Amino acid sequence: MPSILDPKIDSYQRSLLDRYDEPLLLAMEAEGDERGFPIVGRAVGVTLELLSRSIGARRVMELGSGFGYSAYWFARAVGPDGEVHCTDGDPANAATAERYLTAAGSWDLVRYHVGDAVEQLATIDGDFDVVFCDIDKPGYPAAWRAAAERIRVGGLYLCDNTLGTSSDTVLDDNDRTRAIREHNRLIADDARYVSALIPTRQGLLAALRIA
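Computed from a prediction, not measured in an experiment: that's the story for all the values here. Along each chain, numbering runs from 1 in the same order as the chain's sequence is written. A pLDDT threshold of at least 70 governs which residues receive local features in this predicted model, and a stricter bar of 80 or more applies before side-chain atom pairs are shown or counted, although totals over entire chains, interfaces and linings include all residues. Computation of side-chain values: all heavy atoms of the structure, hydrogens and water removed.

This part is about the side chain of histidine 85. A helix here means a DSSP run of H or I that spans at least four residues, while a strand means a run of E at least two residues long, and both kinds are numbered starting from the N terminus. Within the fold, histidine 85 resides in strand β2 (residues 83-88). A distance of 2.6 Å separates polar atoms of two side chains, one belonging to histidine 85 and the other to glutamate 83. Residues adjacent in sequence count toward polar contacts only when both atoms are side-chain atoms; beyond that, a polar contact is any pair of N or O atoms within 3.5 Å, and within protein one must be able to donate a hydrogen and the other to accept it.

Put into structure tokens, the structure is as follows:
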């Protein structure tokens, strides 16, 4: 079976990011490991920050936030005047995110919405500099359709797991992978966006709105 994530390559990438080894981030990564909770991982986290900084992002919408790991990186990018909207269906994850992001000094930038991510997006006014998608994979096409018009020209749509998950790849055939492939094709065919699938970890799709 094809494998997305080569452990040796992943370990090498991680070795280049050890300057971020602070107790809080290590604790969040350890919690992800202990709970078997699928956080994006450090290589993707740094990429989210880099891409957001590159467009001067100040307003970020996360579709699927878990306990705040990706929000940690977005908060670094948007700066003290920015805002990061988070979503998750589990209020316990919101509470854990509050604990971690308060310790990081960035909770005041966060607006955490408990409920279905796409439904929560519809309740928030205005456009975003970045919309990031990391919800359950069968929901990816609907997430893209909901997000595409909510991103300003010059803004980014970012989505994790666009080459697969820890248990399958886009070359497999199941509900998850069919939805991921549909999502990726919708974006590739959308003339309003220029997109690329970055093969970091399990695939990070980046789409820049140009029209």
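Before going further, it helps to examine a nonpolar patch on the surface. Patches here are clusters of residues that have more than 30% relative accessible area and form no salt bridge, with a 9 Å joining cutoff for like charges and a 5 Å cutoff for nonpolar side chains (Val, Leu, Ile, Met, Phe, Trp, Tyr). The Shrake-Rupley method, run with a 1.4 Å probe sphere, supplies the accessible areas, and residue values consider only the shown protein chains as cover. For this document, the term salt bridge refers to a Lys or Arg side-chain nitrogen within 4 Å of an Asp or Glu carboxyl oxygen. Where nonpolar side chains cluster on the molecular surface, the patch consists of Val194, Leu208 and Ile210 and spans about 240 Å² of accessible area. Structurally, valine 194 can be placed in strand β6 (residues 193-198).

Looking now at the sheet that holds strand β3 (residues 110-114). We call two strands paired when DSSP finds no fewer than two bridges between them. Spatially, the seven strands line up as an open sheet ordered β3-β2-β1-β4-β5-β7-β6, and their pairing is mixed. For this open sheet the edge positions go to β3 and β6, each flanked by a neighbour on one side alone. Taking each pair of neighbouring strands and ignoring which way they run, the sheet shows an average axis angle of 15 degrees. Judged from the four bridges that link them, strand β1 (residues 59-63) and strand β4 (residues 128-133) form a sheet pairing that is parallel. Bridge pairing in β4 places glutamate 62 opposite phenylalanine 132. Whether two residues touch is decided by their heavy atoms; if any such pair falls within 4.5 Å, the residues are in contact. To obtain an axis, a line is fitted to C-alpha atoms, over the contacting stretch when the element is a helix, and the angle between two such axes runs from 0 to 180 degrees between their N-to-C directions. Along the sheet face, helix α4 (residues 69-78) touches β1, β2, β4 and β5 (151-159) and points at about 165 degrees away from the line of β2.

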